[in-house]
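# Observations on the model geometry
So you can see what is in the structure, the chains are spelled out below.
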Amino acid sequence: MIKDHVSLNFDTVLLPGPAQKYSCKSFYRRFWRQLSKLQKLILYLLASVILISLLLWFIGSTKNLEELSETNAIKLPQATIWPQNVKVNLPNYVDSVKINEIEDVETPDQKEQIAAPISNDAANLPSGEGIQFMPATGHRQTAVLNAFKHAWKGYCSYAWGHDHVKPISRKYQDWFNLGLTIVDSLDTLWIMNLKKEFDEAREWVSTSFNLDHYKDVNLFETTIRVLGGFLSAYHLSGDSLFLDKALDIGSRLMPCFTKSPSPIPYSDVNLISHMAHSPKWSPDSSTAEVSTIQLEFRDLSRSTGTQNFENVAFKVSEHIHTLEKPNGLVPIYINPNTGKFHRGSEIKIGARGDSYYEYLLKQWIQTGKSIDFLKDDYLEAIDGIITQLVRTSPKRNLTYIGELKAGSRNFHPKMDHLVCYLPGTLALGVHYGMPSSHMRLAEKLMETCYRMYADQPTFLSPEIVYFGTNMDVNQDMYVNINDAHSLLRPEFVESLWYMYQISGNTTYQDWGWLIFQAFERYTKVAGGFTSISNVLDPEDTRPQDMTESFFFAETLKYLYLLMSDDQHMLSIDKYVVNSEGHPLPINNR
């Protein structure tokens, strides 16, 4: 059997062995030897450039990470040093802040925390625009600035975009769902040169401020806080975004005027349905409320060229001017259906009556002192206050302003802390040519308002005080326990600022500094500052877990301006300040 065979021929392949190895190292050595000196020099230079570039890239990346970490970390500012070492006992549920040391605050769960966004650089204003204010100077003004930062940190962490912060429970509270604290704080942020925080607030206004809520809002509160806040931010920053928002909110408040059968507006309006009505608890509006909207609506008209806002608001003042007012004083309730005062209601300079008198003067100033009846009504009212409401206490001769009771109109020796706005208003009037006797009354009222703080163990004023009317009483100024709360109100520090700017007397700065230190000692907690229920006992202040937006808009702003080395930092010759602490330009046409 013959077998066929196929022959396959392969080339011989030499496998490396001990005598024959292939070396990469030998290859590169032979390659290097073949290069000229110039070629070797070029390679050395290229390698050096690459190494240096890698090193610079690594350093830059590390720095960016550190900056990002610092941006996202919110640090508590240092507390102002209190000169005495006094222990304050707070309830177990209150996270305390030591006077000379800030405790570390445990970060809440991310699902519960509402944090302010990182600012959008594209939305930032050029640094040269707007009214410029000098940075904080001196330890007092710096301490107030740090207090604001501390309060703002708490709001941003726990209530961003909501109306108010609850700094103890680290939650929020909504009233109108309008982000009141943000809008109310815009001009304070600008005045304090907190530009990063201002830009974050502006970004929220631009992207998240929303009026499309089926919710009733109060005409007065929305006007002074939101409309006034936007207008002031517009005038200080020059940013038209805020004027656009002011126009929107002003337009939605108009049904309060247009749907009322009289020149007196309704007190409430729904932002969606535009239904306007009186408050649920009464057919009447508060006299102070309907007469404390004119500065804002006039400025809106003159800033936008839309005259209707000023017209409807000023008709309120013109109408009240025609009504009978005993000694120039107004009852605290007025009916929008009839356009008449509620017969027999109280007469007082405190709640529901206060800012009627304030806006008579400020409207006259805002309009370049051109409307005579405003000045005349103001002068008549101050004369009425002096003859009908001013008394002195029997032991210390403290000058105070009482009230006339509903119905009988008998005198009642009760004075709200709200009345402490009046000495500042009186001083402002004297600055603009009112009788010098008004300044003497202002100085006496300042002493009484100061005693409302200094007489309390906490150095914080209660909401209301009462005065004895004969020498038999143990105290000529006393406090009922139900009125012993402090809401961190601004009225007295507002008057301190006016008196300091007009007189230059640094005693008013010293008084404000003592009050500020009391805020730091008894109301400061880890999440900000809280109102308290009891100013009568340093060991039992009973914190209320609430920070009103006016603490940012007014109390801390006035303290900051008061502590400035420049008493004219915000000049009353250029601005008239609304009832919520928002400066508006004088005679803006």
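Below is a summary of the structure that appears in this document. (Residues numbered from 1 in each chain as written. Predicted model: local features only at pLDDT ≥ 70, side-chain atom pairs only at ≥ 80, totals over all residues. Heavy atoms only, no water.)

### A closer look at the sheet that holds strand 4 (residues 268-270)
Spelled out, the test is: Pairing between two strands is assigned when DSSP locates at least 2 bridges connecting them. Numbering of helices and strands starts at the N terminus; helices are DSSP runs of H or I of at least 4 residues and strands are runs of E of at least 2.
The sheet built from 3 strands is open, its strands ordered 3-4-5 with antiparallel pairing. The open sheet is flanked by strand 3 (216-218) and strand 5 (276-277), the only strands paired with a single partner. In the sheet, strand 4 pairs with strand 5 via 2 bridges, with the strands oriented antiparallel. Counted as the bridge partner of Asp 268 is His 277 from strand 5.

### Things to note about the nonpolar core
To keep it simple, the criterion reads: We call a set of buried residues a nonpolar core when its members are Ala, Val, Leu, Ile, Met, Phe, Trp, Tyr or Cys and they connect through side-chain atoms within 4.5 Å of each other. Accessibility here uses a 1.4 Å probe with only protein chains present; expressed as a share of the type maximum, an area under 20% marks a residue as buried, one over 50% as exposed, and anything in between as partly exposed. Here the bounds of each domain stem from an automatic or database domain assignment. By definition in these notes, contact holds between two residues if any of their heavy atoms fall within 4.5 Å.
In terms of nonpolar packing, the biggest core is built from 155 residues, with Phe 297 and Phe 492 touching the most fellow members. Mapping this core onto the domain boundaries places at least three of its residues in each of domain 1 (146-175 + 355-579) and domain 2 (180-345). If we ignore the near neighbours within four places in the chain, the residues touching Phe 297 are Leu 219, Thr 223, Leu 227, Gly 250, Leu 253, Met 254, Phe 257, Phe 309, Glu 310 and Ala 313.

### Some details on the sheet that holds strand 12 (residues 414-416)
Filter applied, for reference: Under this scheme, a helix contributes an axis fitted over its contacting stretch, all axes are lines through C-alpha atoms, and angles between N-to-C directions fall in the 0 to 180 degree range.
Taken together, the 3 strands give an open sheet; going across it, the order is 12-13-14, and neighbouring strands pair in antiparallel fashion. The open sheet has two free edges, formed respectively by strand 12 and strand 14 (477-478), since each of these has just one partner strand. Where helix 15 (residues 437-454) meets the sheet, it contacts strand 12, strand 13 (464-467) and strand 14, and its direction lies at approximately 85° from that of strand 12.

### What to know about the pattern of salt bridges
Where we set the bar: The salt bridge definition used is simple: a Lys or Arg side-chain nitrogen within 4 Å of an Asp or Glu carboxyl oxygen.
This model, assessed by the stated rule, comprises 20 salt bridges. Among the salt bridges present, the one from Arg 225 reaches Glu 221, with a minimum N-O distance of 2.9 Å. In this pair, Arg 225 and Glu 221 are both assigned in helix 6 (residues 219-237), 4 residues apart and thus about one turn of the helix distant. A residue is classified by how much of its surface remains accessible, and Arg 225, at 5% relative accessible area, is buried. With a relative accessible area of 15%, Glu 221 lands in the buried category. Across the salt bridge formed by Arg 542 and Asp 540, the nearest N and O atoms sit 3.5 Å from each other. Judged by its relative accessible area of 32%, Asp 540 is partly exposed.

### Topic: the packing of aromatic side chains
Put simply, the test is: Each Phe, Tyr or Trp ring (for Trp, its six-membered ring) is paired with any other whose centre lies within 6.5 Å, and the angle between the two planes then decides the class: stacked below 30 degrees, edge-to-face above 60, tilted in between. Here, a charge over a ring means that NZ of Lys or CZ of Arg falls within 6 Å of the ring centre while also lying within 35 degrees of the ring normal.
Counted by the stated rule, this structure contains 31 aromatic pairs. With 5.7 Å between their ring centres and 85° between their planes, Tyr 508 and Trp 511 make a pair best called edge-to-face. Of the two residues, Tyr 508 and Trp 511 are both situated in helix 17 (residues 507-522); the distance of 3 residues between them amounts to about one turn of the helix. Here the two residues Tyr 508 and Trp 511 agree in accessibility, since each one is buried. Through a chain of ring-to-ring contacts, three or more aromatic side chains come together here, namely Phe 148, Trp 152, Tyr 155, Trp 160, Phe 519, Phe 529, Phe 551 and Phe 552. Cation over ring: Lys 195 sits above Trp 190, and NZ or CZ is 4.4 Å from the ring centre. The ring of Phe 411 carries the charged tip of Arg 391 above its face, separated from the ring centre by 3.9 Å.

### Digging into a negative patch on the surface
Test applied: For patch detection, residues must exceed 30% relative accessible area and be free of salt bridges, and they are connected within 9 Å for like charges or within 5 Å for nonpolar side chains (Val, Leu, Ile, Met, Phe, Trp, Tyr). Computed with the Shrake-Rupley method and a 1.4 Å probe, the accessible areas treat only the protein chains shown as cover for residues. In this charge count, Lys and Arg are treated as positive and Asp and Glu as negative; neither His nor the chain ends contribute. Where a charge lies is defined by one atom per residue type, namely NZ (Lys), CZ (Arg), CG (Asp) and CD (Glu).
Taken together, the side chains of Asp 372, Asp 376, Glu 380 and Asp 383 present a region of like negative charge at the surface. By the secondary structure assignment, Asp 376 is in helix 13 (residues 372-388). Here Asp 376 falls in the partly exposed class, since its relative accessible area comes to 43%.

### Side note on the state of the cysteines
Covalent bonding between the sulfur atoms of two cysteines is what defines a disulfide. This is how the line gets drawn: Here, two cysteine sulfur atoms that lie within 2.5 Å of each other are counted as a disulfide.
Per the counting criterion, the structure on display carries 1 disulfide. The disulfide that involves Cys 420 links it to Cys 449, with 2.1 Å between the sulfurs. An S-S torsion of about -105° defines the bridge between Cys 420 and Cys 449 as left-handed. Here Cys 449 lies in helix 15 and Cys 420 lies in the loop between strand 12 and helix 14 (422-431), a separation of 29 residues in the sequence. Residue classification places Cys 449 among the buried positions, given a relative accessible area of 0%.

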